[in-house]
Amino acid sequence: MLLAVDIGNLTVAVGLFQGKKLVRGWKIMTDREKTSDEYEVLLVNLFQYAKIDLEKVEGVILSSVVPPLTPVFQAASENLFREKALVVGPGLRTGMPILYENPLEVGADRVVAALAAYEKYGGPSIVVDFGTATTFDAVSDCGEYLGGAIAPGIQISAEALYLKTAKLPRIEIRKPKKAIGRTTVASMQSGLYFGYIGLVTKIVSEIQAELGKKTTVVSTGGFGGQITPEISVIDHFEPDLVLEGLRILYDKNRKVEEAP
């Protein structure tokens, strides 16, 4: 079995694959202060609860946008599974040319999600990831990572309204009954919810115009399941896109290592 770990700013997504099938998936809170011992206890508890033997894990791959936690999970991998984790970054074969001016600036999760979208739907394609930031990543018809756009995530925007204004409250993000809010909370929900639909629609249309071809748009991320049905330009929602990309990346690199 393969353990795939995606370390994000708010949550750590953990997926366990049997071949190409994701058999279990978990999400735990990202805590930069936790030690490898503490994360090991969490992983052991998850495996025990799922009644899965740790020894069944034969490989580990991880991507991270939180650099301090990368060595923490590397240590946890070696201690629990006796496996050296593959880390998405320089030296790992993706099979996807990165056409960013500085490829090292691209977040590991963005590359992995783009790879998974291209493997599943071909190109050109656009990946919209509703995470801490809302990211847009463009892939050419021949599988090149072209770049994209980054906007504040909807949760960050809601928190900014609460923290940077004197009288606006912290709110739950959900679709309001009407665009014209009759309370402060309803007005904020309208601005955030419908505003993000407009933001995503416009950015996707601009990227599509530059690509100049029929484009498949794939969304993922924690908030994606809630808002994707409202956005007509999105073709598919894939909640485990990054984990799937990690599995694909692991297979690509394992085949290279096994080649004579």
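Rules used in this analysis
Residues numbered from 1 in each chain as written. Predicted model: local features only at pLDDT ≥ 70, side-chain atom pairs only at ≥ 80, totals over all residues. Heavy atoms only, no water. Helix = DSSP H or I, 4+ residues; strand = E, 2+ residues; numbered from the N terminus. Contact = heavy atoms within 4.5 Å. Buried < 20%, exposed > 50% of the residue type's maximum accessible area, 1.4 Å probe, protein only. Pairing = 2+ DSSP bridges. Core = buried A, V, L, I, M, F, W, Y, C linked by side-chain atoms within 4.5 Å.

Draft legend 1. The arrangement of the environment of Phe237 in detail. Within the secondary structure layout, Phe237 lies in strand E10 (residues 236-237). Phe237 sits 20 residues away from Val217 along the chain, and the two C-alpha atoms are 8.8 Å apart. The residues contacting Phe237, other than those within four sequence positions of it, are Ser219, Thr220, Gly221, Gly224, Gly225 and Thr228.

Draft legend 2. Spotlight on the pairing of strand E7 (residues 133-139). Burial of E7 is extensive: six of the seven residues sit out of reach of the surface. Bridge count between strand E6 (residues 125-130) and E7: six bridges; the pairing is antiparallel. Paired with Ile126 across the two strands is Ala138, which belongs to E7. Linking two consecutive strands that pair antiparallel, namely E6 and E7, is a turn of two residues. Hairpin connection between E7 and strand E8 (residues 145-152): a loop of five residues separates the two successive antiparallel strands, and Gly143 in this loop has a positive phi of roughly 85 degrees.

Draft legend 3. A look at the pairing of strand E1 (residues 2-7). Here E1 lies mainly inside the structure; six of its six residues are buried. Side chains Leu2, Ala4 and Asp6 project from E1 onto one buried face, and the interleaved Leu3, Val5 and Ile7 project onto a second face that is buried too. Where E1 and strand E2 (residues 11-18) come together, six bridges link them in antiparallel fashion. Pairing of Asp6 across the sheet is with Ala13, part of E2. The hairpin turn running from E1 into E2, its antiparallel successor, is three residues long. Direction of pairing for E1 relative to strand E4 (residues 59-64): parallel, over a ladder of six bridges.

Draft legend 4. Here's a closer look at the nonpolar core. If you look at the biggest cluster of nonpolar residues, it comprises 29 residues, and the most contacted ones within it are Ile61, Val88, Leu241, Leu246 and Leu249. Those elements that place two or more of their residues in this core are E1, E2, helix H3 (108-121) and helix H7 (241-258). If you look at the next biggest cluster of nonpolar residues, it comprises 25 residues, including Leu16, Trp26, Val72 and Phe81.

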